[in-house]
Amino acid sequence: MKATTAATTATTTSAGVTQATAETALKETRLTETGLTETALKETATAETGLTETGLNWTTCGPKTDQTAQCATLRVPLDWSRPSGRKITLAVARHPAADQAHKIGTLFFRPGAGVLAVNQVATPSHGGLGLLPGLAERFDLVGIDSRGGGLDLSYGTADANVHSASLACDRAFNDPAVSRFPADLAGYAQLRRHNQAAAASCDQDLIRHLDAETQARDAEAFRVALGEPQLTWFAWTYASLIAQTYAQLFPGRIRALVLDSPLDHTVPTTTYVRTQVRETEAAFNRFVAWCGSDPSCALYGQDIPAIYDEVIERANREPLPVAGLDHAMTGEEIGYIAMYVLENGTVPAGYGGWSDLAAALGALRTGDTTGWAGAYAGTLAPPYYHPYRASGCVDFPRDITGYAEFQALRREIRRLAPHTGGVSDSWDYVSGCQGWPVPSVAPRRPVIVHDAPPTLLVVTRHNPLAPYDLAIRVAGQIEGSSTLTYEGDAHIAFFNSQCVRDAELAFLTTATPGVAACANGA
């Protein structure tokens, strides 16, 4: 009621100061209700973060974004253990709630590693947030571009004019001449040399400070700069590690938390590899079954496993030239791109799911590579792949370090996945982090969240990237958390199910769990 009155009063002022006046009144109301003054909040924040500058200077995000969106930059320590050392600049965006009179608060959005949050927040219709207009109605949407930069999911159509600095790597992490599955010692040595050289070509300070705890402290600095007593969190996949860490460090600073497709970075690497490989092969088999039963599939009525195997083998023998790509595409690269598409499940055609995979495979058989350059840009190219790989190498255990162990696991996963061949996110980390010069800082014990905020974990029954049995483990690490299971195929259930989206919105707005399951297709 107080917030409504404050916002209503603000509307009587001149147009030039209405928003600023409303924000000030609402902020004062929230601070009063929590027993904090603005001065006390900033004094506490300064002590906790070591920052002396806590303000944000909001400006327009540029002509390609929603014109109501605002952008700013935030200076934070490169290394939070040395707050007086080198500083880096992070880009932040805010999309003010459409209904300021009934605004709940600030929703902090974090997508997966390697994805730009600023563009998704500045134009919510890009990147999926527009699928739930209620979020933009009731919350100020905010987000930070991750350290190291990332991929613009709008591919330039909704690009903001401010972004965090990239890793500035001079060498691509993916090299078609270097296999992730070397079968002999010479190939393994080549892989290690390539990984070491690729990492060495980047900003050597920044690449060492991309872990979840560092990025959680970045988020706390942002909360302080924003002047908010609490944030509501919405995080996907890799960002769930950042959110879990933030909840452990600052549980009182979260109003409510939704984690869609959560990861657990304390699981042994070999466990994640085996589980993800099995789930990826299972996803392929489910894709085949779907295609065989749905006439809308471009390969309906055809021998899809034989088609897939033939495409991969042919591209491995003679890589396929792809228009718009600077090299011919190998079968191994096609397999990794297909893995990402398999993870997306039965999203509508045009969203990078099973329908698109069937059409793209059918086209490849006739030499038509249309779309594969775009798929490569969103999976293995630097804007996405560099921060994705670098974050994984510091944030997951590095249990496989020698040639004998590597080969034993390689042979095992090849047997486990006769069609998909062992491709998985975790194998990408196992192979891609061999020879990596930056040590892993992954915790060797579960990240237990005590005094946890209301938390909803959304887990998908068939999820190759965040397998159900491993995702559900996170529930045991966050006290009092609730779980919603999507009984379908999806990496991020938010994109595949209206039932899930409605449940997530309800939880984010009320901080109270509702349904415990959503059926496939609901």
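Basis of the calculations
- Residues numbered from 1 in each chain as written.
- Predicted model: local features only at pLDDT ≥ 70, side-chain atom pairs only at ≥ 80, totals over all residues.
- Heavy atoms only, no water.
- Disulfide = S-S within 2.5 Å.
- Helix = DSSP H or I, 4+ residues; strand = E, 2+ residues; numbered from the N terminus.
- Pairing = 2+ DSSP bridges.
- Contact = heavy atoms within 4.5 Å.
- Axes fitted to C-alpha atoms, helices over the stretch in contact; angles between N-to-C directions.
- Phe/Tyr/Trp six-rings, centres within 6.5 Å; stacked < 30°, edge-to-face > 60°.
- Buried < 20%, exposed > 50% of the residue type's maximum accessible area, 1.4 Å probe, protein only.
- Lys NZ or Arg CZ within 6 Å of the ring centre and 35° of its normal.
- Parallel < 35°, antiparallel > 145°, perpendicular 65-115°, else oblique.
- Nonpolar A, V, L, I, M, F, W, Y, C, P; charged D, E, K, R; others polar.
- pLDDT = per-residue confidence, 0-100.

Asker: Any chance you could explain the state of the cysteines here in plain terms?
Answerer: A full pass over the atoms with the stated rule returns 5 disulfides. Between the sulfur of C169 and that of C202 lies a disulfide, 1.9 Å long from S to S. Here the S-S torsion is close to 105°, and the disulfide linking C169 with C202 is therefore right-handed. Taken as a pair, C169 in the loop between β5 (139–144) and α6 (185–200) and C202 in the loop between α6 and α7 (212–226) lie far apart in primary sequence, 33 residues in all. Each disulfide in the protein links cysteines that, numbered along the sequence, combine into the pattern 1-2, 3-4, 5-6, 7-8, 9-10.

Asker: How should I be thinking about the sheet that holds strand β3 (residues 87–95) in this particular structure?
Answerer: Remark on secondary structure: sheet strands pair via backbone hydrogen bonds, oriented parallel or antiparallel. Here 10 strands make up an open sheet; going across it, the order is β1-β2-β3-β5-β4-β6-β7-β8-β9-β10 and the pairing mixed. A single partner strand is all that each edge strand has here, and the edge strands are β1 (59–60) and β10 (517–519). As paired elements, strand β6 (residues 231–236) and strand β7 (residues 254–260) share 6 bridges and run parallel to each other. When the bridges of β7 are listed, W233 appears paired with L257. With respect to the sheet, helix α8 (residues 238–249) is in contact with β4 (105–110), β6 and β7, its orientation differing from that of β6 by roughly 145°.

Asker: So what exactly am I meant to see when it comes to the packing of aromatic side chains here?
Answerer: To describe a pair of aromatic rings, you give the distance between the ring centres and the angle between the ring planes. For the coordinates displayed, the defined rule picks out 26 aromatic pairs. Measuring from centroid to centroid gives 6.1 Å for F287 and W354, while their planes differ by 70°, and the two rings are edge-to-face. With a gap of 67 residues between them, F287 in helix α9 (residues 269–293) and W354 in helix α12 (residues 354–365) connect regions that are remote in the sequence. The class of F287 is buried, set by a relative accessible area of 0%. Owing to a relative accessible area of 2%, W354 belongs among the buried residues under this scheme. Against the face of Y336 rests R180, its NZ or CZ located 4.8 Å from the ring centre.

Asker: In this structure, what is going on with the packing of α9 against helix α10 (residues 304–317)? I would like to understand it.
Answerer: Two quantities define a packed helix pair, namely the angle between the axes and the distance from one axis to the other. Where α9 contacts α10, the axes come no closer than 10 Å and their chain directions differ by 125°. By the angle between their directions, the pair α9 and α10 is classed as oblique. Within the contact between the two elements, α9 uses F284, F287, V288 and C291 and α10 uses I304, P305 and Y308. Partitioned by chemical class, the residues of the contact of α9 with α10 number 7 nonpolar, no polar and no charged.

Asker: Got a minute to help me understand the confidence of the model for the protein in this structure?
Answerer: Do not read the fine detail of predicted coordinates wherever pLDDT is low. Counting all residues, the mean pLDDT for the protein is 89, and 90% of those residues have values of 70 or more. Across residues 1–45, confidence stays below pLDDT 50; counting only partners more than four residues off in sequence or on other chains, it has 45 contacts.

Asker: Would you take a moment to explain helix α16 (residues 425–432) for this structure?
Answerer: Along an α-helix, residues three or four positions apart point the same way, because every turn accommodates 3.6 residues. The buried count for α16 comes to 8 of 8 residues, which makes it a mostly enclosed element. Taken together, the buried positions of α16 are D425, S426, W427, D428, Y429, V430, S431 and G432. The inward-facing, buried residues of α16 abut α6, α9, α11 (331–344), α14 (382–395) and α15 (403–416).

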